[in-house]
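Chain by chain, the residues:
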Amino acid sequence: MSVTPIPARAWLNGRSSKAKSGQGKMRALWWFMVALYISWVWMGFVEFEIWPQVLELWGRETDITDLILHPHGLRYALVLPIFLLSDLTGFSTNWLFSQLVALLIIFIAVNVTDTARMLLHSRKSWGLLITASAFFMVLSGFMHGRIAFALMGMALLLHTMVAWDHRLLGSSELTARVLLAFFLASVSSGTFIVVIITFYGWWCCRILGSLGQGRLSVRDWRVFLLFGMAMLMMLPLLDKLMMKNLDFYGDGFDGLWDMLTHGAGIIFHIADWVVVVLSLVVLALFIMFAVVLGAFFPIVRLPAYATVISLVGGMFGYSTLVMAIPPVMMLGMVSFEHLKFPRQSIAEPWKTKRGREAANSPGVA
């Protein structure tokens, strides 16, 4: 018996309209979540406090020129506009600080999701954005507000590096965004150093890899030289930060060993040798897994590398350990989308002109 087939174009149009409707609902849900979260922070149900280090500097009325090489100078400059705005408007510094942290939480989720989208060469996924936003909103209830600046610094840095690889940025925009990421991460010595190591380590690997293949571009050389000079300018500040920690914990290996008490490495001080060995084995296996993952799947090489750097740094500080969250979420999103890919690949033939023409041709069953 002859059956008139449903034209594939009509089937695809119907499916497309349903997809657009679903995306519209997801977009509305995300905006509702954002509005609800910001409203809660606005009304004071969620509040973040400025940390004592910058409050002390503000109380001294320190001259800005004296803060250039001060260990806390960058983090003070980061929140200085909040103090000035508080004096101007009469709003409390903590309330203004809370509004800024709330916005940063949203921007972190957007940057993490968009970086995963660029790695996958796919369109925006509102489902992933909703998941990431919900996660960071909940996480913000358990963390100090300044950590949001550091997380934003890491998320912005990874987003910038992926966008550069995709030739979506010029040299000037790259420079501005990387320096902003450094500035945001300066709220803690550990997070500042981790972001710097992540960028310079990745860039050196990029330069060496390009030299090995004999195809180093002018744009890469320009940025390499520019940030090489920037590193020379930052060395005095980095030396101050390192010496501040060594002065507190002591010099030499003993000081380095005592610094572990400030982060996840405290387990080496309080646990017996069996737990210590097991912890080292687990850490080594995770690092090896990340390295192997990056070696065989170039798409996740950057977030895997950033995860390893953050985990190693996290042994010396909990705030540094938290820096692994953005790259780990990127790894999770990329893996999740790859698991979905076999089901989505069924629709690939419809995307080509030949596939659509073949699908629309009449048939008899």
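Since this is a predicted model, take the numbers as computed values, not measurements.

1. Here we look at the overall build of the protein chain
In step 1: For the protein chain, the count of helices and strands is 16 helices and zero strands.
In step 2: Looking at the protein chain as a whole, 42% of its 365 residues are labelled buried.
In step 3: Contacts in the protein chain between residues at least 24 apart in sequence constitute 71% of all its contacts with a sequence separation of at least 6.
In step 4: Element-wise, carbon and sulfur atoms account for 70% of the exposed surface of the protein chain, whose accessible area totals about 20200 Å².

2. Thoughts on helix α13 (residues 301–314)
At 3.6 residues per turn, the α-helix brings residues three or four places apart onto the same side.
In step 1: With 14 residues, α13 should reach 20 Å at 1.5 Å per residue; the first-to-last C-alpha distance of 20 Å fits that figure.
In step 2: Counted residue by residue, α13 has 12 buried out of 14 residues, so it is predominantly covered.
In step 3: Of all the residues in α13, the buried ones are L302, P303, A304, Y305, A306, T307, V308, I309, S310, L311, G313 and G314.

3. Details of helix α3 (residues 73–89)
In step 1: Along its 17 residues, α3 runs 24 Å from first to last C-alpha, staying within 8% of the 24 Å computed at 1.5 Å per residue.
In step 2: Bending of α3 peaks at approximately 40° at the position of V79, with proline P81 no more than four residues after it.
In step 3: For α3, the set of buried residues is G73, R75, Y76, L78, V79, L80, I82, F83 and S86.
In step 4: After α3 finishes, the residue G90 shows a positive phi value of roughly 90°.

4. A word on the nonpolar core
In step 1: Counting 93 residues, the largest nonpolar core has F97, I105, F136, F182, F199 and Y200 as its most contacted members.
In step 2: The residues touching F199, leaving out its near neighbours within four places in the chain, are L157, M161, V178, F182 and F227.

5. Examining the packing of helix α4 (residues 93–120) against helix α5 (residues 126–140)
In step 1: Contact geometry of α4 with α5 gives a least axis separation of 9 Å together with a crossing angle of 145°. When you trace α4 past α5, the crossing you get is right-handed. Contacts between α4 and α5 pair I105, I106, I108, A109, V110, V112 and T113 from the former with L128, L129, A132, S133, F136, M137 and S140 from the latter.
In step 2: Residue composition of the contact of α4 with α5, by class: 11 nonpolar, three polar and no charged.

6. A few points about the pattern of salt bridges
In step 1: Applying the stated criterion across every chain, the model contains two salt bridges.
In step 2: Of the charged contacts in the structure, one is a salt bridge between R117 and D114, with a shortest N-O distance of 2.7 Å. Of this pair, R117 and D114 both sit in helix α4, separated by three residues, roughly a single helical turn.
In step 3: One salt bridge in this structure joins E173 and R177, with 3.9 Å as the shortest N-O distance. On the criterion of helical spacing, the pair formed by E173 and R177 is a turn pair, its members being four residues apart in helix α7 (residues 171–185).
In step 4: On the accessibility criterion, E173 (40% relative accessible area) is partly exposed.

7. Quick notes on the packing of aromatic side chains
In step 1: Within the structure shown, the criterion is met by 15 aromatic pairs.
In step 2: With a centroid separation of 6.0 Å and an interplanar angle of 50°, the aromatic rings of W164 and W203 are classed as tilted. Taken together, the residues span a long stretch of sequence, with W164 in helix α6 (residues 146–165) and W203 in helix α8 (residues 189–213) at a distance of 39 residues. Accessibility classification places W164 together with W203 in one group, the buried group.
In step 3: A network of ring pairs unites the aromatic residues W164, F182, F199, Y200 and W203 as a single cluster.

Cut-offs and rules
- Residues numbered from 1 in each chain as written.
- Predicted model: local features only at pLDDT ≥ 70, side-chain atom pairs only at ≥ 80, totals over all residues.
- Heavy atoms only, no water.
- Helix = DSSP H or I, 4+ residues; strand = E, 2+ residues; numbered from the N terminus.
- Buried < 20%, exposed > 50% of the residue type's maximum accessible area, 1.4 Å probe, protein only.
- Contact = heavy atoms within 4.5 Å.
- Areas by Shrake-Rupley, 256 points an atom, 1.4 Å probe, with all protein chains shown as cover.
- Expected span 1.5 Å × (residues − 1).
- Bend = angle between axes of the 7 residues up to and from the residue.
- Core = buried A, V, L, I, M, F, W, Y, C linked by side-chain atoms within 4.5 Å.
- Axes fitted to C-alpha atoms, helices over the stretch in contact; angles between N-to-C directions.
- Left-handed = near helix turned anticlockwise from the far one by under 90°.
- Nonpolar A, V, L, I, M, F, W, Y, C, P; charged D, E, K, R; others polar.
- Salt bridge = Lys/Arg side-chain N within 4 Å of Asp/Glu carboxyl O.
- Phe/Tyr/Trp six-rings, centres within 6.5 Å; stacked < 30°, edge-to-face > 60°.

Functional significance is not addressed by these values, which are geometric in nature.
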